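What follows is the residue order along each chain.
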Amino acid sequence: MKKPVIVISQQLPEIVEARFMRDYDARLNPSIKLYDKEKLLQLCKGADGIAVSIGDKIDADFIERLPESVHIISAFSAGFEHIDIKAASMRKIAVTNTPEILTNATADIAMLLLLGAARRAVEGDKMVRSGEWTGWNPTQLLGVQVTGKRLGILGMGSIGQAVAKRARAFDMTIHYHNRHRLPPELELGAVWHETAESLLYKSDFLSLHCPATPETVGFLDEKHISMLPDRAVVINTSRGTVVKDDDLIAALKSGKLAAAGLDVYDGEPNLNPEYRKLLNCFLLPHIGSASTETRNAMGFLIADNFDAFFAGNPLLTPVN
Ligand code: DGY
């Protein structure tokens, strides 16, 4: 029987590519570099499905121009703001993503950023590597104590909850804002705030875990930063567009905020260059889900969705 033809827009972990090659007529990308739009469209000729990365802009025009043969688009990510879901649905193209399986890896990175930003890891690392370190002294690199502080979580989905779980081990008090209050067995004593604003006033640390939607884009602006306690620490592992970069940078420069830990950036990888100059910013290159186990699991979930789709079974993680 003829195997379905699938296009993979970016190089995937080896073990995942091996499965695609075994089960599909797979058009792999041998490079970590994304194809440009025209090239990707060209590769989709005669394809049944495509797997896309967060860097691919799957907008209405792209979807419109996809060949009739393409019936499924699978995102190699939990977030799917780079795909025009409405346009896909109009053309009856199924869309899937990879939620839940990256929860722990992403929560781990949020904690790394929280600790590293609070305790000035960037400056410490630089001091040791440069040879500028002259020895222990009582006032060197004094940071923000984590233990016992209040952690505000904006967006209490599975990643927010996993961060809360880790933070409890640091005796942090958990506050959160979510559209819906969690049931007690998930809330686990965390304090729910009906509004994001009320959460900000209580957040010595603020960790962002909301998707990028018209409601959240640009949320962390000057007005909202001013509601945070002085010397608060901001962590972002969600999407860069949730933050207004100029306002966050100004607050980091003025000392209103003690530090920030960022894994995601508006316009990434072309982040606002001012971030690079700020030593109170702990910067990572969007590696929230980047553990071998998690990236393999994400790839296998895409394969499971393709398998289900082409066998006529229900999708495991449908978006539309
Ligand atoms: C996602 O899945 O949305 C992350 O940002 C990348 O793993």
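Surrounding the ligand, one finds Ser77, Ala78, Gly79, Leu102, Arg239, His286, Ser289 and Met298. In this structure, alanine 78 approaches the ligand through a main-chain N or O atom, which is 2.6 Å from an oxygen atom. One nitrogen or oxygen atom from the side chain of histidine 286 is found 2.7 Å from an oxygen atom belonging to the ligand. Taken by itself the ligand offers 230 Å² of open surface, and the protein chains cover 87% of this. Broken down by class, the residue content of the shell around the ligand amounts to 3 nonpolar, 4 polar and 1 charged.

On to the sheet that holds strand 3 (residues 49–52). Pairing is parallel across the open sheet formed by 5 strands, whose spatial order is 2-1-3-4-5. The sheet is open, and its two edges are formed by strand 2 (25–27) and strand 5 (94–96), each paired on a single side. Across this sheet, the average inter-strand angle for adjacent strands is 20°, counted without regard to direction. Relative to strand 3, strand 1 (residues 5–8) runs parallel, the two being bridged by 3 bridges. Its bridge partner being in strand 3, valine 7 is matched across the sheet by isoleucine 50. Seen against the sheet, helix 13 (residues 292–310) touches strand 1, strand 3, strand 4 (72–75) and strand 5 and runs at an angle of roughly 165° to strand 4.

Here we take up the pattern of salt bridges. For the structure on display, the rule yields 18 salt bridges. One salt bridge in this structure joins lysine 57 and aspartate 59, with 3.7 Å as the shortest N-O distance. Overall, lysine 57 belongs to the exposed group, its relative accessible area being 61%. Relative accessible area serves as the criterion here: at 21%, aspartate 59 is assigned to the partly exposed category. Note that glutamate 274 is salt-bridged to lysine 277, the shortest N-O span being 2.7 Å. Of the two residues, glutamate 274 and lysine 277 both sit in helix 12 (residues 274–277), 3 residues apart, roughly one turn of that helix. Among the residues examined, lysine 277 registers a relative accessible area of 57% and is labelled exposed. What emerges from the salt-bridge pattern is a single network uniting Lys37, Glu38, Lys57, Asp59, Asp61 and Arg65.

What follows concerns the side chain of threonine 317. Counting through the fold element by element, threonine 317 comes out in the segment after helix 13. For threonine 317, a relative accessible area of 15% gives the class buried. A polar contact is formed between the side chain of threonine 317 and the side chain of asparagine 305, at a distance of 2.8 Å. Those residues in contact with threonine 317 that lie beyond four places of it in its chain are Val95, Thr96, Asn97, Pro99, Leu301 and Asn305.

How each quantity is defined
Residues numbered from 1 in each chain as written. Predicted model: local features only at pLDDT ≥ 70, side-chain atom pairs only at ≥ 80, totals over all residues. Heavy atoms only, no water. Near = heavy atom within 4 Å. Polar contact = N/O pair within 3.5 Å; in protein donor to acceptor, adjacent residues only side chain to side chain. Areas by Shrake-Rupley, 256 points an atom, 1.4 Å probe, with all protein chains shown as cover. Nonpolar A, V, L, I, M, F, W, Y, C, P; charged D, E, K, R; others polar. Pairing = 2+ DSSP bridges. Helix = DSSP H or I, 4+ residues; strand = E, 2+ residues; numbered from the N terminus. Axes fitted to C-alpha atoms, helices over the stretch in contact; angles between N-to-C directions. Contact = heavy atoms within 4.5 Å. Salt bridge = Lys/Arg side-chain N within 4 Å of Asp/Glu carboxyl O. Buried < 20%, exposed > 50% of the residue type's maximum accessible area, 1.4 Å probe, protein only.

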